[in-house]
Amino acid sequence: MWVLRKLRAGWRALTSMGTALVLLFLLALGAVPGALLPQRSLNQSKVDNYLRENPQLGKIFDRLQLFDVFSSFWFTSIYALLFISLVGCLTPRIVEHIRSMRAVPVPAPRNLARLPKHAELVVAGTPEQVAGRIAGELKGWRQVTRAVGGDGGGGPGGTVEISAEKGYLREFGNIVFHFSLLGLLAAVAVGKLFGYEGNVIVIADGGPGMCSASPAAFDSFRAGNSVDGTSLYPMCVRVKNFQAEYLPNGQATSFASDIDYQAGADLVTGTWRPYRLEVNHPLRVGGDRVYLQGHGYAPTFTVTFPNGQQRTRTVQFSPDNLQTLLSSGTVRFDPPAGLYPAKELRQHQIAITGLFAPTKELSGTLLSSSYPALNDPAVAVDIYRGDAGLDTGRPQSLFSLDPRLIEQKRLTKVKRINLEAGEQVTLDDGTVVRFDGATPFVNLQVSHDPGQVWVLVFAMTMMGGLVVSLVVRRRRVWARVTPEPGIVGTVNVELGGLARTDNSGWGEELDRLARRLSEAEESGS
């Protein structure tokens, strides 16, 4: 019994409105780190940079799951407790609102003169006739007529009371609001469970494109708890071009990309469909949405080895300055087979690492970028020869070399140089490195959220229900029609009104009812 009492007390505390408000505040507070700190689900490289720049603080934040806020144990726990609290708190309220909406108007109070709104007048007619006239004036109100006086049996000529109530739409608005709130939370939970989100960089102007049949096709992939990656919607995208418009200070005003895509039966027939992808105008197909998230540049280098064989690679660089798109990155080359003995191949790999500027600006030999558009591309690179870490099976950064390879003398710098598009440099062994220019790339996000539409629907109905519950007033009117003593054919009408929520602004209805009854009396006489 002691355990049951404790459980009941705990359930009452959890399902109280105060607890729900505290949990809602904690949920909002817990989301703050997710907005201030980089999140792995959005940008793994920014998290890595933060950990490198703040090793001590970053380690503490990582243990607290502040780089994975929205999938962390503590955030999920708060969300689950909030959902349980709201279900337990709102369900009785919903039942109460339904009962209130179906309730019959209550009988008139004994003393109507004590009500905030009160009027009294004498009208010609029998109680039944006057009561019928009042009922007609209250058309649209929920009303009940009761015979309560006379000879004790409530027969003709006795006292008649009318109870009327209006504003039940307020209760309907309350019910819609509470149901929508629960539906909104459930839709968000469904989206987190069965949704997924993948980011991938795709090079424009004839690049290889991407196909979303597997999580391996993405540079980063966040899956819901019920998504194993085997049932992604198959779709292929290739980027034809990318256009951006900038202000003179380098601030971007618009992004757009012309793409071709295949989905569904198009994959079998080989049909490509055109689409213009713009910011906030995603491609919607098969329940997935493809967003244009960002862009940058992928420099192209060609390496001609001493035997004349060439290797060309176009690799995206990471934008370090979003205002000018000054970028950094690394390109690695394997020598052609047969040029060197198999045991020496790793000693002759080429790695090119450094900066790329879409519009070069030089301060001596120091390269920077003055504008984000591709007006005068140039690179400032270090060229290394040796073991660049290709085909080792070890994970490494796409944008930088492994510093351990340089520290261990397995990778040796052979040249540092600035190159413009079309310029080349010859290394000491006859290898030629040429900078061919750059191609734009776009960062695409493929998002699948089965609860998104329902989140919008429930949010709209929740706001609609809230507006109705705030605007509509619940009010009651009672009328007591009593025969005037000693005067046949004359009755005394006593009116009383009460607003269940707010008394201001609604008394005109009672005054209008009294005025109409009085005008009817004057016209009849």
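Just so it is clear, the model here is predicted, and its values are computed rather than measured.

Draft legend 1. The overall build of the protein chain, seen in detail. In terms of regular secondary structure, the protein chain is built from 11 helices and 23 strands. In summary, the protein chain has a C-alpha radius of gyration of 38 Å against a globular reference of 24 Å for 525 residues, an excess of more than 25%. The buried share among the 525 residues of the protein chain stands at 42%. Long-range pairs, those at least 24 residues apart, make up 66% of the contacts in the protein chain with a sequence separation of at least 6. When the accessible surface of the protein chain is totalled, it reaches about 27700 Å², and 57% of it is carbon and sulfur. For the protein chain, the separation between the mean place of its 53 positive charges and that of its 47 negative charges on side chains is 7 Å.

Draft legend 2. Spotlight on a positive patch on the surface. Residues Arg 5, Lys 6, Arg 8 and Arg 12 make up a contiguous surface patch of positive charge. Within the secondary structure, Arg 8 sits in helix 1 (residues 2-14). For Arg 8, a relative accessible area of 46% translates into the label partly exposed.

Draft legend 3. View of the layout of surface pockets. Within this model, the second largest pocket holds a volume of roughly 890 Å³. Along the wall of the second largest pocket there are 34 residues; nearest its centre are Phe 70, Ser 71, Lys 192, Leu 193 and Arg 222. Looking at which element gives the most residues to the lining of the second largest pocket, the answer is helix 7 (residues 168-194), with six residues. When the residues that make up the lining of the second largest pocket are grouped by side-chain class, the tally is 15 nonpolar, 12 polar and seven charged.

Draft legend 4. Just empty space enclosed by the protein, in detail. Taken as a whole and assessed by the stated rule, the structure comprises one cavity of 30 Å³ or more. Along the lines of polarity and charge, the residues of the lining of the largest cavity split into two nonpolar, three polar and three charged.

Draft legend 5. Summary view of the state of the cysteines. Enumeration according to the criterion identifies one disulfide in this entry. The disulfide bridge from Cys 211 ends at Cys 236, spanning 2.0 Å between sulfur atoms. Because the sign of the S-S torsion sets the handedness, a value of about 105 degrees for the bond joining Cys 211 and Cys 236 places this disulfide among the right-handed ones. Within this pair, whereas Cys 211 is found in strand 5 (residues 210-211), its partner Cys 236 is found in strand 7 (residues 235-246), the two being separated by 25 residues in sequence. On the accessibility criterion, Cys 211 (38% relative accessible area) is partly exposed. Residue classification places Cys 236 among the buried residues on the basis of a relative accessible area of 10%.

Reading the values: the criteria
Residues numbered from 1 in each chain as written. Predicted model: local features only at pLDDT ≥ 70, side-chain atom pairs only at ≥ 80, totals over all residues. Heavy atoms only, no water. Helix = DSSP H or I, 4+ residues; strand = E, 2+ residues; numbered from the N terminus. Rg over C-alpha atoms; globule rule 2.2 N^0.38 Å. Buried < 20%, exposed > 50% of the residue type's maximum accessible area, 1.4 Å probe, protein only. Contact = heavy atoms within 4.5 Å. Areas by Shrake-Rupley, 256 points an atom, 1.4 Å probe, with all protein chains shown as cover. Lys, Arg positive; Asp, Glu negative; His and termini not counted. Charge placed at Lys NZ, Arg CZ, Asp CG, Glu CD. Patch = residues over 30% accessible without salt bridge, like charges linked within 9 Å, V, L, I, M, F, W, Y side chains within 5 Å. Salt bridge = Lys/Arg side-chain N within 4 Å of Asp/Glu carboxyl O. 1 Å grid on protein atoms, 1.4 Å probe; cavity = no way out; pocket = protein on both sides within 12 Å on 5 of 7 lines; lining within 4 Å. Points joined across faces, edges and corners; volume = space filled by probe spheres on them. Nonpolar A, V, L, I, M, F, W, Y, C, P; charged D, E, K, R; others polar. Disulfide = S-S within 2.5 Å.

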